[in-house]
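Fold and contact review
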Amino acid sequence: MRARILITRAVSRLGIEGPEAALALLAGVREIARRNEAPILEVQAHLQAGAIHVMCSNWIESLDELSHVEAHLDELVPRERCSALLNRGLASVSLGDLDRGRADLDRALDLAVTHGFAAQEYKARHNLGCVAYLAGDIPGALTLMREASEMPVDITTARGLLDLGKVLLDAGLIDEAETVLERGLEAARRDRQPLERGDVQLDLARSALLRGDVALARVRAGHAVRTFRSLHADRRTEEVELFGAAVDLGVGRHLTRAAKVAAKWATPTPVTPPERLATRIRAEVALARHDHETARTHLDQLGTDQHQSLGARLHEHLLASRVAAADGDPARATAMLEDAAEELALEQGGVHSMEIRAGLAFHAARIRDADVAVATDSGSLPQLFESVERWRAASHRAPPLRPPDDERTAALVGQLRRLRQRDDDSPLSSTQREVVVLQGEITDRLRAAQGSRAEADVRAVGFEQTVQAATARDATVVTFHEVRGTLVRLVVGGGATSQSVLGPVREIAAVTSRLTSDVRAAAVARPSMAAFLARARESSLREVDALLLQGVQLTGTVVVVPTVALTALPWRALPSLREHPVVAAPSATAWVRRPVRAGREPVVASLSGPGLPRGREEVRAVAEAWGRHTEAFSGTTTNGYAVSADVRSALASASVVHLAAHGHHVDQSPLFSSLDMADGPVFAHELRAPLAAELVVLSACDVGRSRGRTGDEPLGLAAALLGLGVQCVVAATNPVHDDVAAAAMVDLHARLVAGTDVAAALQQTAVAVPGAEAFCAYGSTWSRATIDQ
């Protein structure tokens, strides 16, 4: 009885006096057990010691303790046997042995389900989610963690929230990760779990670093150090110090201190994430000291098939590229960077969620910035163009998006559609609160959907290939990118190439933000303010035009590839572009690879949603313009308006789809941007590849807008359609008067029927219909196939 009491007391001793005191207590228990010839008590003491080592992240020591349990595993009661398997599985996983860890956790899950151990079942499912995460399966990790979180168990939430936060960080969903981690920090404080509190503080520091906020990362890391030191958790303290060394090294500071901290983790065969980070730090210090041989030796130690996070793998690619460059082999250095960019695109292809695809680009920030900086310093415009392009909108090189086709998700979308039909837009209303909950559940299910990496075309186009495409299509490609806080413009086409430094990113962002506000204000102005706001709009347009396009010799179609900060601009309205066909593309690669001519005779669907005074007249005129090519879509409501199923059906079968409806861009959740149909909104989230549509014309307000992410990854309805494989999307970035939209769309389709391509037709329509410059072509242009009229 005394031994059992002491075994239980060891956990309390851990929290009060630290791991040494707890383990000393258990050593005393083992001595008692040996004196009294009670082998099971000795095994139970080893079991508890293994659990304590797990709590302290002493994985090797934990496996050593649990090795004494193996021979007696079947003699333990089921709950103890389940605990042993859980801890051994977690320790194996943490040391990189995912197969053994998964096997133990699967056995623990079977035991927990068989005997009704709800808490242990929760832990097994959750930890199997961690295994999926470490194996690079983010959708699988989110699925298993969601299943665990939905279990009705009375168990502390800090550890579960911490692990979910890690997955979200790895997925690049920084805002959500921080929200989850803050909840985990609150739970750890409430439940008096200091180790979990320190772990959360460290991950909050990592999230700040992903945002590029070095000062906040240091502050949060300092909180974690103080927490671990108060617990005498020396290894955890050293792990935070290692993170701090990586931060300092990233900004070129404290080389000697970074090397000293990393040396504490030195091992010829680095396995755990801290060991591998320390090895990368030592390689980076050696490179900074021009000791290329030592750097190469450290990188060779990392040569393993063991899965690492995307950020860690990209860091290794960066260091290997720098070693190759130092060896005087620029071709090999560039090849390694290309491999890294392709690896990012493949990783994005492994998920369905467009948000996660965009979020994963966060992890490429450091290697992208280093790549672009080196290319900038080289003075070679082709090299600079290719360095920018290989990182831009990599998710668009991944396979088309395919949301899960399951009944539960469909039911949730239907419920959301009905709620969004209600008029109560107050953010505090019960309807809006229910909308937020439903959107969260739908998002979780979509994020859990697997992608198909095998279909990815991951290599970005080169400079010469882009020049050839620009020449063949009579186009000028104008791309923008950021380097060292400065906005830079590259121009390819018109028989010449050029590079221009435009100015500080922050200053230009302020001007472009004012333009988008002025354009929107002018679009919805009351008659008494219309003239004043129109002048403000024109003034802002001229100012932005002078900043971004002054001095550029434009010929033919202008293909604009914007940065995150420039995605919402009304490009067609800029003075320098009014005389040219314009296409806004997510990347030069996306534009080059998309065809400009239809692959078949057009099959046209023209659909209208409710609430537009001239909506039915507009779609009737579009249908008449295309004549025999127009197909009717069944399922429309009795009043003649289309329902959401009609939209999905049209996109899946018609090559040209015209949608006249009220549109809504949701900036905080761009993939819940929508078009209003008779049964409620149809969301970007619910569209499903493969789409037959080559051209989609959205005669709606705002749905050309997108929210940019790091890596110039756009999110919104138009971006979603392009991600689903649509060749060209026509949309507006601001409100458009119903009469203007109707007149513009009829004029546009008449020109398309005559064989004019979309970009040229939009330019001509903008001249014929004042206000139509709000509409722009996205992705590429499109023109009908050559057929008999």
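Residues numbered from 1 in each chain as written. Predicted model: local features only at pLDDT ≥ 70, side-chain atom pairs only at ≥ 80, totals over all residues. Heavy atoms only, no water.

Quick look at the overall build of the protein chain
On a plain count of helices and strands, the protein chain comes out with 32 helices and 15 strands. Expected size for 789 residues packed as a compact globule is a radius of gyration near 28 Å; at 29 Å, the protein chain falls within 12% of this value. In terms of principal-axis extent, the alpha carbons of the protein chain reach across some 100 × 65 × 50 Å. Restricting the contact set of the protein chain to residue pairs at least 6 apart, pairs at least 24 apart contribute 70%. Summed over all atoms, the accessible surface of the protein chain reaches about 31900 Å², with 51% contributed by carbon and sulfur. (Helix = DSSP H or I, 4+ residues; strand = E, 2+ residues; numbered from the N terminus. Rg over C-alpha atoms; globule rule 2.2 N^0.38 Å. Contact = heavy atoms within 4.5 Å. Areas by Shrake-Rupley, 256 points an atom, 1.4 Å probe, with all protein chains shown as cover.)

Overview of the environment of Pro570
With respect to the helices and strands, the residue Pro570 is situated in the loop between strand S4 (557-561) and strand S5 (582-584). Note on Pro570: relative accessible area 6%, which makes it buried. Counting along the chain gives 29 residues from Pro570 to Leu541, while the straight-line C-alpha distance between them is 9.0 Å. Setting aside residues up to four positions removed in sequence, Pro570 forms contacts with Leu515, Val519, Leu541, Thr733 and Asn734. (Buried < 20%, exposed > 50% of the residue type's maximum accessible area, 1.4 Å probe, protein only.)

Here's the deal with the pattern of salt bridges
According to the stated counting rule, one finds 50 salt bridges in the structure shown. For Glu241, the salt bridge identified is with Arg229, shortest N-O distance 3.2 Å. Taken as a pair, Glu241 in helix H13 (residues 234-250) and Arg229 in helix H12 (residues 214-230) lie far apart in primary sequence, 12 residues in all. Arg229 sits in the exposed class, given a relative accessible area of 52%. Through salt bridges with shared partners, a single ionic network connects Glu293, Arg296, Asp327, Asp329 and Arg332. (Salt bridge = Lys/Arg side-chain N within 4 Å of Asp/Glu carboxyl O.)

Concerning the pairing of S4
In terms of burial, S4 is largely enclosed, as 5 of its 5 residues are buried. Burial of the side chains of S4 extends over both faces: Thr557, Val559 and Val561 are buried on one face and Val558 and Val560 on the other. Of the strand pairs in this sheet, strand S1 (residues 475-483) and S4 are connected by 5 bridges, and their pairing is parallel. Across the sheet, residue Thr479 finds its bridge partner in S4, namely Val561. (Pairing = 2+ DSSP bridges.)

Description of the pairing of strand S2 (residues 486-493)
Extensive coverage of S2 is indicated by the burial of 7 of its 8 residues. Strand direction decides the pairing type here: S1 and S2, joined by 8 bridges, are antiparallel. When the bridges of S2 are listed, Val478 appears paired with Val491. Hairpin connection from S1 to S2: 2 residues lie between these consecutive antiparallel strands, with Arg484 at a positive phi of about 50 degrees. Examined bridge by bridge, S2 and strand S3 (residues 496-504) share 8 bridges and lie antiparallel to one another. Residue Val492 lies in a different strand from S3, and its bridge partner there is Thr497. Between the end of S2 and the start of S3, which pair antiparallel, lie 2 residues, with Gly494 showing a positive phi angle near 70 degrees.

Some thoughts on unusual backbone geometry
At Arg192, a position not held by glycine, the phi torsion is positive, near 55 degrees. With respect to the helices and strands, Arg192 occurs in the loop between helix H10 (174-190) and helix H11 (194-211). Judged by its relative accessible area of 76%, Arg192 falls in the exposed class. Phi at His290 takes a positive value of approximately 65 degrees, unusual for a residue other than glycine. Looking at the secondary structure, you find His290 in the loop between helix H15 (273-288) and helix H16 (292-301).

Focus: the sheet that holds strand S15 (residues 775-778)
Pairing is mixed across the open sheet formed by 10 strands, whose spatial order is S3-S2-S1-S4-S5-S15-S14-S11-S7-S6. The open sheet is flanked by S3 and strand S6 (604-608), the only strands paired with a single partner. Neighbour to neighbour, the strand axes of the sheet diverge by 20 degrees on average, direction disregarded. Across the face of the sheet, helix H29 (residues 644-653) comes into contact with S6, strand S7 (656-660) and strand S11 (695-699) while running at roughly 160 degrees to S6. (Axes fitted to C-alpha atoms, helices over the stretch in contact; angles between N-to-C directions.)

So, the packing of H13 against H15
Direction vectors running N to C along H13 and H15 enclose 35 degrees, while the axes themselves pass 10 Å from each other. Like other packed secondary-structure pairs, H13 and H15 cross with a definite hand, here left-handed. Judged by residue contacts, Glu239, Leu242, Ala245, Ala246 and Leu249 of H13 engage Pro274, Leu277, Ala278, Ile281, Glu284 and Val285 from H15. Here the residues of the contact of H13 with H15 are counted per class, giving 9 nonpolar, no polar and 2 charged. (Left-handed = near helix turned anticlockwise from the far one by under 90°. Nonpolar A, V, L, I, M, F, W, Y, C, P; charged D, E, K, R; others polar.)

Looking at the packing of helix H2 (residues 19-35) against helix H3 (residues 39-55)
Pairs of packed helices are described in terms of their axes, by the angle between the two and the distance that separates them. It is the contact of H2 with H3, at a shortest axis distance of 8 Å, that shows an interaxial angle of 170 degrees. On the basis of the axis angle, H2 is roughly antiparallel to H3. The two elements H2 and H3 cross, and the hand of that crossing is left-handed. Of H3, the residues touching H2 (which contributes Ala22, Leu23, Leu26, Val29, Arg30, Ala33 and Arg34) are Leu41, Glu42, Ala45, His46, Gln48, Ala49, Ile52 and His53. (Parallel < 35°, antiparallel > 145°, perpendicular 65-115°, else oblique.)

A few points about the packing of aromatic side chains
Summed over the entire model, instances satisfying the criterion amount to 2 aromatic pairs. Where Phe480 meets Trp571, the ring centres are 6.0 Å apart and the plane angle is 25 degrees; that geometry is what we call stacked. Highlighted residues: Phe480 in strand S1 and Trp571 in the loop between S4 and S5, separated in sequence by 91 residues. Note on accessibility: Phe480 and Trp571 belong to one class, buried. Taking NZ or CZ as reference, Arg235 lies 3.8 Å from the ring centre of Trp265, over its face. Positioned over the ring face of Trp591 is Arg473, at 4.6 Å from the centre of the ring. (Phe/Tyr/Trp six-rings, centres within 6.5 Å; stacked < 30°, edge-to-face > 60°. Lys NZ or Arg CZ within 6 Å of the ring centre and 35° of its normal.)

Regarding H12
Compared with the 24 Å implied by 1.5 Å per residue over 17 residues, the 25 Å span of H12 between its first and last C-alpha is a close match. Where H12 is concerned, the buried positions are Ala217, Arg220, Ala221, Gly222, Ala224, Val225, Thr227 and Phe228. Of the surrounding secondary structure, the elements contacted by the buried residues of H12 are H10, H11 and H13. His232 lies just past H12 and shows a positive phi near 60 degrees. (Expected span 1.5 Å × (residues − 1).)

Quick notes on the sheet that holds strand S10 (residues 680-683)
The sheet built from 3 strands is open, its strands ordered S8-S9-S10 with antiparallel pairing. With one partner strand each, in any of the chains shown, strand S8 (663-664) and S10 form the two edges of the open sheet. Bridging between strand S9 (residues 674-677) and S10 involves 4 bridges; their strand directions are antiparallel. Bridge pairing in S10 links Met677 to Gly680. The strands touched by helix H22 (residues 407-420) are S8, S9 and S10; relative to S10, the strand with the most contacts, the crossing angle is about 130 degrees.

Here's the deal with the nonpolar core
With 58 residues, the main nonpolar core has Phe480, Leu548 and Trp571 as its most contacted residues. With residues near it in sequence (within four places) discarded, Trp571 still touches Phe480, Leu548, Val560, Pro562, Leu566, Leu577, Val582 and Ala584. Among the nonpolar cores identified, the runner-up in size contains 51 residues, and Val477, Val483, Val583 and Ala585 belong to it. (Core = buried A, V, L, I, M, F, W, Y, C linked by side-chain atoms within 4.5 Å.)

Observations concerning the side chain of Glu275
Position of Glu275 relative to the elements: it lies in helix H15. It is Arg235 that comes nearest to the buried, bridge-free Glu275 among opposite-charge side chains, at 5.4 Å. Apart from residues no more than four positions distant in its own chain, Glu275 is found in contact with Trp265, Thr267, Thr269 and Pro270. (Lys, Arg positive; Asp, Glu negative; His and termini not counted.)

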